[in-house]
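For reference, the chains in residue letters:
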Amino acid sequence: MSFAKSSATDPGGSSEAFKRRFMIRLVGVLIGGMFIDGFILGIIGTVIVPLSKELNFSDLWEGLIAAAALIGILIGSPLAGWAADKFGRKPLFQADMALSCVTSLAQFFVDSSWHLFVVRLLMGVAIGAEYSVGWPLMSEFAPARLRGRLISISEVGWYVGFMVAFLVGYVLTTMTDVGWRTILGTSTFIAVLLFVARIGLPESPRWLWNVGRREEALAIAHKYMTDSADMRDVEQEDIRKGTVGMLFSPQYWRATLFVSGCWFCAVAPYFAIATFAESLLSSYGISGGLAGGLGLSAVAAAGVVCTVLLIDRLGRRVLTVPPQWVCTVALAVIGLWAGAPPLVVLSLFFVFSFFNANVVAMMGVYPSEVFPTEIRGLGTGFATAVSRVGAGLGTFLLPWSMVHVGSGPTMLISAGIAAVGAGLSQWLAPETKGMNLSETAAGFAASPSTH
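What you are looking at is a predicted structure, and each value in this text was computed from that prediction instead of being measured. (Residues numbered from 1 in each chain as written. Predicted model: local features only at pLDDT ≥ 70, side-chain atom pairs only at ≥ 80, totals over all residues. Heavy atoms only, no water.)

Engineer: Even after reading the chapter, I still don't get the overall build of the chain, so can you show me in this structure?
Structural biologist: Of the regular secondary structure elements, the chain holds 18 helices and zero strands. In terms of C-alpha radius of gyration, the chain reaches 22 Å, essentially the compact-globule figure of 22 Å for 451 residues. Principal axes of the C-alpha set define a box for the chain whose edges measure 65 × 50 × 40 Å. Within the chain, buried positions represent 58% of all 451 residues. In the chain, the share of contacts with a sequence separation of at least 24, taken over all contacts with a separation of at least 6, comes to 85%. Of the roughly 17,100 Å² that the chain leaves accessible, carbon and sulfur atoms contribute 69%. Where the 29 positive side-chain charges of the chain centre and where its 28 negative ones centre are 5 Å apart. (Helix = DSSP H or I, 4+ residues; strand = E, 2+ residues; numbered from the N terminus. Rg over C-alpha atoms; globule rule 2.2 N^0.38 Å. Buried < 20%, exposed > 50% of the residue type's maximum accessible area, 1.4 Å probe, protein only. Contact = heavy atoms within 4.5 Å. Areas by Shrake-Rupley, 256 points an atom, 1.4 Å probe, with all protein chains shown as cover. Lys, Arg positive; Asp, Glu negative; His and termini not counted. Charge placed at Lys NZ, Arg CZ, Asp CG, Glu CD.)

Structural data, given as structure tokens:
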């Protein structure tokens, strides 16, 4: 992958090697942020049984502890997005990792259910901030020709982090006498490393231009950005203040509906299926739920890798619309074919996991492209919050539905949710491949078919 394209001929810029190192560093810390997010969300499931016994949890507290990080994301993502648009990407990108450090460390010392709930809630706030700040920051530095790849690759970090957390927790709980506090606290080492790695990163030149700090914006653009066309595009930014109302304005309501709705429909069934993979697969006569659950995450990671490799070649729509229809069909077949052989059911779940990961990766790219600089953080944060409502509802309702409605109807309901997302993307998903941010964020035209 070649980052630098024209910087060697730019007298006001830095060397190609410097810009390449900067972009690699930025990609690295963004992947790291997604890794720790997946790790934090995944590690709690490996110790929920011993910690609930020691702290004498009620069923209510067990559910609250498991959901605390998701609740925190719901709160933190829009707040951090608003703050990033108002105060800049740089301070929020550092602050959210500082909060991750503090809360990860605090897990070593929790001694009650409410204490753990508060700590996990604040960890979720930090995770929500990571979504709202990291992707916009990357989009505002990345060259247009590689922007999709450089943003979507961070999703690989999330799935890998989730799998690593599951493996670390499984190994430590079954093969050692390490306590659950220490297992939860392992995220501290990752958070500290990322906090140090982010020190000294520059502010977004697009945000600086948007708030009227033009000289700083141009200086940073020439120093760090790789393509002259992207540098010139910074000067096309409007200088205006973003508001929450802009998300629902005639120019941007379609973008808000598309990103939020499709993301909700993608994660609601996935979080439910992945969280309860062991019991869900067992209900279909598939033994070895542990391996199956890990397999679902591994296949999802492979799906993201394929998206990373293809996104800037094939475009956004082809990796968004068809995969959602494939997910719909896979879940519908599982729901309708009551006597399907276990191997067929497992294969269909793998198909769903792979293509759903394509869509989730695209939901990381689209918010940073379809919203303008003044509401890019807020729009990403709002969409993240809506998606976490979907994740929470799916995780909460799937066990109840499996018991009271049945596995077949539950899968059909999941297929219906996926179909809604597919319909939304068929209608609204724009093609933004290779376009500058001033073009992608210009707003949906009256007829989405023109995109």
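Past the structure itself, the notes keep going.
Engineer: In this structure, what is going on with the packing of helix α14 (residues 321-336) against helix α17 (residues 407-428)? I would like to understand it.
Structural biologist: When two helices pack together, their arrangement is given by the angle between the helix axes and by the axis-to-axis distance. Between α14 and α17, whose axes approach to 8 Å, the crossing angle comes to 165°. By the angle between their axes, α14 is roughly antiparallel relative to α17. The way α14 lies across α17 gives a crossing that is left-handed. Residues V321, Q324, W325, T328, L331, A332, I334, G335 and L336 of α14 touch α17, and the partners they reach there are G408, M411, L412, S414, A415, A418, A419, G421, A422, G423, S425 and Q426. (Axes fitted to C-alpha atoms, helices over the stretch in contact; angles between N-to-C directions. Parallel < 35°, antiparallel > 145°, perpendicular 65-115°, else oblique. Left-handed = near helix turned anticlockwise from the far one by under 90°.)

Engineer: How should I be thinking about the packing of aromatic side chains in this particular structure?
Structural biologist: Ring pairs (aromatic) are described by centroid distance and by the angle formed between their planes. Taken as a whole, this structure holds 17 aromatic pairs when the rule is applied. Look at F35 and F39: their rings are 6.3 Å apart centre to centre, the planes differ by 25°, and that puts the pair in the stacked class. Here F35 pairs with F39, and both are found in helix α1 (residues 16-54), just four residues apart, close to one helical turn. With relative accessibility at 3%, the residue F39 sits in the buried group. Aromatic rings pair up to connect F18, F22, F141 and Y224 into one cluster. One cation-aromatic arrangement involves R198 over F93; the distance from NZ or CZ to the ring centre is 3.7 Å. (Phe/Tyr/Trp six-rings, centres within 6.5 Å; stacked < 30°, edge-to-face > 60°. Lys NZ or Arg CZ within 6 Å of the ring centre and 35° of its normal.)

Engineer: Which parts of the structure should I look at to understand the side chain of S152?
Structural biologist: Along the chain, S152 turns up in helix α5 (residues 147-175). Within polar-contact distance, the side chain of S152 engages the backbone oxygen of G148 at 2.7 Å. Contacts of S152, omitting those with residues within four sequence positions, involve V304, V308, I311, A361 and V365. (Polar contact = N/O pair within 3.5 Å; in protein donor to acceptor, adjacent residues only side chain to side chain.)

Engineer: What exactly am I supposed to notice about the pattern of salt bridges here?
Structural biologist: Where charged atoms of side chains with opposite charge meet at close range, the side chains can pair. Applying the stated criterion across every chain yields a total of 13 salt bridges. A salt bridge links R198 to D96, with the shortest nitrogen-to-oxygen separation between them at 3.6 Å. Of the two residues, R198 sits in helix α7 (residues 187-198) while D96 sits in helix α3 (residues 89-106), which places them 102 residues apart along the sequence. When sorted by exposure, R198 lands in the same class as D96, which is buried. Across the pair R376 and E140 runs a salt bridge, and its minimum N-O distance is 2.7 Å. With a gap of 236 residues between them, R376 in helix α16 (residues 373-404) and E140 in helix α4 (residues 113-141) connect regions that are remote in the sequence. Each member of the pair, R376 as well as E140, is classed as buried. Ionic contacts of the salt-bridge type, sharing partners, join the residues D85, R89, E140 and R376 into one network. (Salt bridge = Lys/Arg side-chain N within 4 Å of Asp/Glu carboxyl O.)

Engineer: Looking at this structure, how should I read helix α15 (residues 342-370)?
Structural biologist: Residues spaced three or four apart along an α-helix point in a common direction, a consequence of the helix completing one turn every 3.6 residues. Between the first and last C-alpha of α15 there are 42 Å, a value that for 29 residues agrees with the 42 Å anticipated at 1.5 Å per step. Its maximal kink placed at G364, α15 deviates by approximately 25°, while the proline P367 follows within four residues. Counting buried residues along α15, 21 of its 29 residues qualify, which places the element largely inside the surrounding structure. (Expected span 1.5 Å × (residues − 1). Bend = angle between axes of the 7 residues up to and from the residue.)

Engineer: Please explain the state of the cysteines as it appears in this structure.
Structural biologist: Working definition of a disulfide: a covalent bond connecting the sulfur atoms of two cysteines. A full pass over the atoms with the stated rule returns zero disulfides. Looking at C265, it has no disulfide partner, and the nearest cysteine sulfur is the one in C262, 6.7 Å off. (Disulfide = S-S within 2.5 Å.)

Engineer: I would appreciate a short explanation of the nonpolar core in the present structure.
Structural biologist: Burial of nonpolar side chains together is a common tendency in soluble globular proteins. Counting 125 residues, the largest nonpolar core has L26, L51, M138, F141 and Y159 as its most contacted members. Considering each element in turn, this core owes the most residues, 16 residues, to α1. Excluding residues within four positions of it along the chain, L26 makes contact with L137, M138, F141 and L201. (Core = buried A, V, L, I, M, F, W, Y, C linked by side-chain atoms within 4.5 Å.)

Engineer: Which parts of the structure should I look at to understand the side chain of T328?
Structural biologist: For T328, the location among the structural elements is in helix α14. Reaching out from T328, the side chain makes a polar contact with the backbone oxygen of Q324 at a distance of 2.9 Å. Setting aside its immediate chain neighbours within four residues, T328 contacts A415, A418, A419 and A422.

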